Amino acid sequence: MEFSALLTSAGINIGLCALLLSLYSVLRKQPHNYGVYFGRRLAEEKFRQQVDYFSLERLLPTAGWIVKAYWCTEEEIRRVAGLDSVVFLRLFIFSIRIFSITSLVCIFGVLPVNYHGKETNHGRIPAESLNVFTIANLKEGSRMLWVHCVALYVITISACILLYYEYKYISRKRLAHITGSPPDPGHFSVLVRSIPKSDNELLDDTIRNFFVNYHGSSYLSHQMIYRKGSMQKFVDNAERVYRKFVRVKMSSFGQSRRSDLSRCGLCGVRASSFQQYRNKFINSKKPDLSDPEVIEAQKDCPGAIVFFKTRYAAIVASRILQSSNPMLWVTDFAPEPRDVYWSNLWIPYRQIWLRKIATLAASVAFMFVFIVPVAFVQSMMQLDQIEQLFPSLKNMLKKPFFVKLVTGYLPSVVLLLSLYTVPPMMMFFSSIEGSISRSGRKKSACCKILFFTIWNVFFVNVLSGSVLNQLNVFTRPRDMPSMLAELVPKQATFFITYVLTSGWASLCSEILQVYNLVYNFFRKCIFCYRDDPEYGYSFPYHTEVPKVLLFNLLGFTFSIMAPLILPFLLVYFCLGYLVYRNQILNVYYPKYEMGGKLWPIMHSTLVFALVLTQTIALGVFTIKHATISSGFTILLIIGTVLFHQYCRHRFSSIFNSFSAQDLIEMDRDDEQSGRMEEIHKHLLDAYSQGTTNMDNSSSSRNGGAPIEMIMEDPAQDAQDSNQELCDAVKEVTGSIQEHADEM
């Protein structure tokens, strides 16, 4: 591909980005789009709705959002969005720092050496092939390869220093997050599964007797995990329908009638009908353990949440074996209440390893199936193959502009569209894998998408060529470095356009929120719904983290191979830093917290990118017969691996467990201040089985216990309150009919 084709692709993406950013600055000012661009602030009820009047200022693009996003402090971001958002933004800070250094070294040091590698007469730069800017332009035995080796050393040492600083900084932030956060019920709770069943006593008594016997001094209480009753499902569905009709009624009658609606509900229905039933349902007496229905329900109980008096006792109980048989009394640290993935708690513990193997096999199979669209994308880079597939385009492909468009822009667009099918599939695999927390499911999906992206976007594109003619490399793994050294520079043009398309354009699409914008238009302008805080979105770490890490990998691997990619990557990281700060502050709502556990994944991936870069450079130096540079590169690989091992032993345990010193000091502070008794009172009401995530998060924000506590099977309570619920539903139905007659 010629340099002019790259300029064509860059021009298209720059124009598209300018258009989308200008459009965003206008759309965010429109009052009917507040639910799209200020979802988090609406969910926290901290956003002041502006009066809907016409103003010329709303139609003019401005850059005020950039200033607000840039000057917001890190502490403010942590306070409103949690530690995970801070860790994600620190990844951008690291990327901007390291690629600023890399760009200076490679653009002014390596690029001129590549361009003048062979003694040829260079013409006009727009007509030059991009291959003359890569390391492939150097002839064998060139003495200038020492420049690439020195640049590789500068990049690696700078990256290791910055990585160590970031790891140390984020570790301190995590420790401060643990010790400085309000009391978390999850710190006092342990999830117990695979409980042995006995014919002589109820499961409830078995759990109590076991923990009283072996943890008598620290055991507080426990909560059985029951299947959600059919009556409770009916109540939830009826209440959901009731809320929807309330919103429709409020939208129909306008602001002047809202006070009446809040007083009487929906056309005469008491506003608290369902809440009264809910309270009666919650405050009902404890189920009689001698009831045959309760006994039958306990036989299907998958486990229990056991509460301890101190944090230290809970962490000790969750980390040690409770029985000589490791498959019985399996304990694990319970997630925080809003983070529990209740549906997976019903999975038998003995099935989890089978599910993990099955999902791993399915993920690998999906990765290999995806080779087909990647091969199609690579075939689009070859004009002769496009003419064979689409003979009708033969005349059109003879025009220079269409040649530049097809070879420089369309392949990366097709690959980008194909990748949109990956996150839903990987999230589905992670859901059936057996994770007990929503954050664990998202973390598992993040790892799967990361492996998938690196394999299919980088390795398959590099090794496949146009017709998968290089798959024999898997039968010769020793030839992998030399194979990569030969093929990576040839694919530099494709990955430069991929950064432009999947990087710049995707950031603009992210800030514009195209899908949510269309959904909001139909929801508010067609169906006349109001902004509802229940529809807040959490940050998609499982899709964004792999994307940013892939661009880091591309930047490292092509830094000395094809330095032209570095300016485009640096623009991506700077723009992404501003865009994601704005989205975290205004759009996404933190529904649960992972405590920065994604950073070890980021660190390992960045070190892998460094080692891969050094391995490819070693292959290049070997092919080019640069023996001295090859020897120094081997030493660099060994040093990078040792650095990773040091960081793993020094910091990774902070992200995997808690220290006894911190937990004991926190327990002592709560006991001395008298807060421990209050914490114990709220533990039994902390975990709400079967509620939605937004309900749990709302209750956590309000500082109290969750709204509802689902019982196992409210058969007795349902009989007592069945008539009241039916009357309430009849009232709602009658009001709906009256409203229809009025309309």
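Bear in mind the structure is a predicted one, so any value in this text is a computation, not a measurement.

### Overview of the overall build of the protein chain
And then number 1: A count of helices and strands for the protein chain gives 31 helices and 4 strands.
And then number 2: For the protein chain, restricting intrachain contacts to residue pairs at least 6 apart in sequence, the fraction spanning at least 24 positions comes to 82%.
And then number 3: With an accessible surface of roughly 34,500 Å², the protein chain has 60% of that area assigned to carbon and sulfur atoms.

### Comments concerning helix α13 (residues 311-319)
And then number 1: Taken together, the buried positions of α13 are occupied by Arg-311, Ala-313, Ala-314, Ile-315, Ala-317 and Ser-318.
And then number 2: In this structure, the buried side of α13 is in contact with β1 (189-193), β3 (303-308), β4 (330-333), α28 (660-673) and α29 (676-683).
And then number 3: Its side-chain oxygen 3.2 Å from the backbone nitrogen of Ala-313, Thr-310 forms the N-cap of α13.

### Examining the packing of helix α14 (residues 352-369) against helix α19 (residues 422-431)
And then number 1: Packing of α14 against α19 brings their axes to within 10 Å, and their N-to-C directions diverge by 165°. Between α14 and α19, the angle falls in the class roughly antiparallel. Of the two possible hands of crossing, α14 and α19 adopt the one that is right-handed. Residue-level contacts link Thr-359, Ala-362, Ser-363 and Phe-366 of α14 to Val-422, Met-425, Met-426 and Phe-429 of α19.
And then number 2: Classifying every residue of the contact of α14 with α19 gives 6 nonpolar, 2 polar and no charged.

### Looking at the packing of aromatic side chains
And then number 1: Applying the stated criterion across every chain yields a total of 43 aromatic pairs.
And then number 2: Judged by centre distance (6.2 Å) and plane angle (35°), the rings of Phe-307 and Tyr-687 are tilted. With a gap of 380 residues between them, Phe-307 in strand β3 and Tyr-687 in the loop between α29 and α30 (693-701) connect regions that are remote in the sequence. By the burial criterion, Phe-307 is buried, and Tyr-687 matches it.
And then number 3: Residue placement shows Arg-90 over the ring face of Tyr-169; its charged tip is 4.3 Å from the ring centre.
And then number 4: It is Arg-441 that lies over the ring of Tyr-341; its NZ or CZ is 4.5 Å from the centre.

### Observations regarding the layout of surface pockets
And then number 1: Taken as a whole, the second largest pocket holds about 1,300 Å³ of empty space.
And then number 2: Forming the walls of the second largest pocket are 40 residues, and the residues nearest its centre are Pro-423, Pro-540, His-542, Thr-543 and Glu-544.
And then number 3: If you list the elements that add at least two residues to the lining of the second largest pocket, you get α18 (410-419), α19, α20 (438-464), α22 (492-512), α23 (514-526), α24 (541-557) and α30.
And then number 4: Looking at the lining of the second largest pocket residue by residue, the class counts come to 21 nonpolar, 12 polar and 7 charged.

### What about the pairing of β3?
And then number 1: With respect to burial, β3 is a largely interior element, 6 of its 6 residues being buried.
And then number 2: Inspection of the sheet shows β1 paired to β3 by 5 bridges, in the antiparallel sense. Residue pairing across strands places Ser-189 opposite Phe-307, the latter belonging to β3.
And then number 3: As paired elements, strand β2 (residues 219-224) and β3 share 5 bridges and run antiparallel to each other.

### Examining the pattern of salt bridges
And then number 1: In total, this model carries 13 salt bridges according to the counting rule given.
And then number 2: Where Arg-311 meets Asp-667, a salt bridge forms, and the shortest distance between an N and an O atom there is 2.9 Å. Taken together, the residues span a long stretch of sequence, with Arg-311 in helix α13 and Asp-667 in helix α28 at a distance of 356 residues. The pair Arg-311 / Asp-667 is uniform in exposure class, with both members buried.
And then number 3: In this structure, Glu-433 and Lys-448 form a salt bridge, with 3.2 Å as the shortest nitrogen-oxygen distance. Taken as a pair, Glu-433 in the loop between α19 and α20 and Lys-448 in helix α20 lie far apart in primary sequence, 15 residues in all.
And then number 4: Residue class for Glu-433 comes out buried when judged on its relative accessible area of 14%.
And then number 5: By relative accessible area, which is 12% here, Lys-448 ends up buried.
And then number 6: A single salt-bridge network, built from bridges that share partners, covers Glu-74, Arg-90, Arg-97, Glu-166 and Lys-173.

### As for a nonpolar patch on the surface
And then number 1: Taken together, the side chains of Ile-628, Phe-632, Ile-634, Leu-635, Ile-638 and Leu-642 define a hydrophobic patch exposed on the protein surface, amounting to about 630 Å² of accessible area.
And then number 2: In this fold, Phe-632 is placed in helix α27 (residues 627-656).
And then number 3: The class of Phe-632 is partly exposed, set by a relative accessible area of 43%.

### Here we look at the environment of Lys-197
And then number 1: Mapped onto the elements, Lys-197 comes out in the loop between β1 and α8 (203-214).
And then number 2: Between the C-alpha atoms of Lys-197 and Ile-207, which are 10 residues apart in sequence, the distance is 9.8 Å.

### Quick word on helix α5 (residues 74-81)
And then number 1: Where α5 is concerned, the buried positions are Ile-77, Val-80 and Ala-81. Down the axis, α5 shows its buried residues gathered within 80° of arc, on one side only.
And then number 2: Contacts made by the buried residues of α5 are with α3 (39-43), α6 (83-115) and α25 (565-586).
And then number 3: Backbone geometry just after α5 places Gly-82 at a positive phi near 95°.

About the cut-offs
- Residues numbered from 1 in each chain as written.
- Predicted model: local features only at pLDDT ≥ 70, side-chain atom pairs only at ≥ 80, totals over all residues.
- Heavy atoms only, no water.
- Helix = DSSP H or I, 4+ residues; strand = E, 2+ residues; numbered from the N terminus.
- Contact = heavy atoms within 4.5 Å.
- Areas by Shrake-Rupley, 256 points an atom, 1.4 Å probe, with all protein chains shown as cover.
- Buried < 20%, exposed > 50% of the residue type's maximum accessible area, 1.4 Å probe, protein only.
- Polar contact = N/O pair within 3.5 Å; in protein donor to acceptor, adjacent residues only side chain to side chain.
- Axes fitted to C-alpha atoms, helices over the stretch in contact; angles between N-to-C directions.
- Parallel < 35°, antiparallel > 145°, perpendicular 65-115°, else oblique.
- Left-handed = near helix turned anticlockwise from the far one by under 90°.
- Nonpolar A, V, L, I, M, F, W, Y, C, P; charged D, E, K, R; others polar.
- Phe/Tyr/Trp six-rings, centres within 6.5 Å; stacked < 30°, edge-to-face > 60°.
- Lys NZ or Arg CZ within 6 Å of the ring centre and 35° of its normal.
- 1 Å grid on protein atoms, 1.4 Å probe; cavity = no way out; pocket = protein on both sides within 12 Å on 5 of 7 lines; lining within 4 Å.
- Points joined across faces, edges and corners; volume = space filled by probe spheres on them.
- Pairing = 2+ DSSP bridges.
- Salt bridge = Lys/Arg side-chain N within 4 Å of Asp/Glu carboxyl O.
- Patch = residues over 30% accessible without salt bridge, like charges linked within 9 Å, V, L, I, M, F, W, Y side chains within 5 Å.
- Arc of directions from axis to C-beta.

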